[in-house]
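A structural walkthrough
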Amino acid sequence: MRNLIVILSSFVVLSCSSNSKEKEAIETYIETDGRGNKYDLDIKFDQLEISDVSVQDSIYLLEERFEKEKENKIASMEKMKALYEDRVDKYSKDKSYMSDYFLKKAKKDLSEQNEKIKEAKNWKPEYLSKYNDRDKSEILCKKADAIVRFENPRLKVEQTIHANFFLNKEGTKCFKMLRIKD
């Protein structure tokens, strides 16, 4: 029984101390304002899950962003194409003096728009080639999903934030926080 208590207590101590450098980096990030002033906010962690961000993770996120960008770009171009098609249709039915000029212009615009759409479908932004020569398993940074409580000295109220904190790969310095809307 005594051995079991010793083993359990050492496990608790090890699990609590394993995230200490990451906690310290996050605390420093939260407690330091934009001018470098540091405040003691008595930070408490309700949740802290740390994971590594690899080159493969970054590529996945960039490709996801690229696909959305590409879809939006093509959708916008398709709207312009529909506008030019309507103009071609309208001017081909009209037999007035200027309709031939406007019909030629609309056909030219439609042809150019079709070329732009073709180019957009084959478009690959430069940021996707950023990791071409790197090992996919290489660790870029650490991500800490945390729920943090602290006393705001200005408001005299305890605040809780849920955010992803991005730290260097050693976990000693936090460089970005993205709040998660619950």
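That block above? That's the structure.
We now turn to the structure provided with this report. One numbering rule holds for all chains: residues counted from 1, following each sequence as written. Only residues with pLDDT of 70 or above have their local features reported here, since the model is predicted, and side-chain atom pairs are shown and tallied only from 80 upward, although totals for entire chains, interfaces and linings are computed over all residues. Heavy atoms from the whole structure form the basis of all side-chain values; hydrogens and water molecules are not counted.

1. With respect to the packing of aromatic side chains
For this analysis, a ring pair means two rings from Phe, Tyr or Trp (six-membered ring only for Trp) whose centres lie within 6.5 Å, classed as stacked if their planes differ by under 30 degrees, edge-to-face if by over 60, and tilted for the remaining angles. According to the stated counting rule, one finds three aromatic pairs in the structure shown. Taking 5.4 Å as the distance between ring centres and 45° as the angle between the ring planes, the aromatic pair formed by phenylalanine 66 and tryptophan 123 counts as tilted. With phenylalanine 66 in helix H3 (residues 55-93) and tryptophan 123 in the loop between helix H4 (99-121) and strand E2 (139-152), this residue pair connects regions lying 57 residues apart in the sequence. When a residue's accessible area, from a 1.4 Å probe over protein chains only, is under 20% of the maximum for its type it is buried; when over 50% it is exposed; and in between it is partly exposed. A residue is classified by how much of its surface remains accessible, and phenylalanine 66, at 2% relative accessible area, is buried. With a centroid separation of 5.3 Å and an interplanar angle of 25°, the aromatic rings of tyrosine 91 and phenylalanine 102 are classed as stacked. Linking tyrosine 91 in helix H3 with phenylalanine 102 in helix H4, this pair joins segments that are 11 residues apart in sequence. A relative accessible area of 35% places phenylalanine 102 in the partly exposed class. Among the aromatic side chains, those forming a connected cluster through ring pairs are Tyr91, Tyr101 and Phe102. Charge over a ring is defined by NZ of Lys or CZ of Arg lying within 6 Å of the ring centre and within 35 degrees of the ring normal. Over the ring of tryptophan 123 we find lysine 73; its NZ or CZ atom is 4.2 Å from the centre of that ring. Secondary structure elements are defined from DSSP: runs of H or I of at least 4 residues count as helices, runs of E of at least 2 residues count as strands, and each element is numbered from the N terminus.

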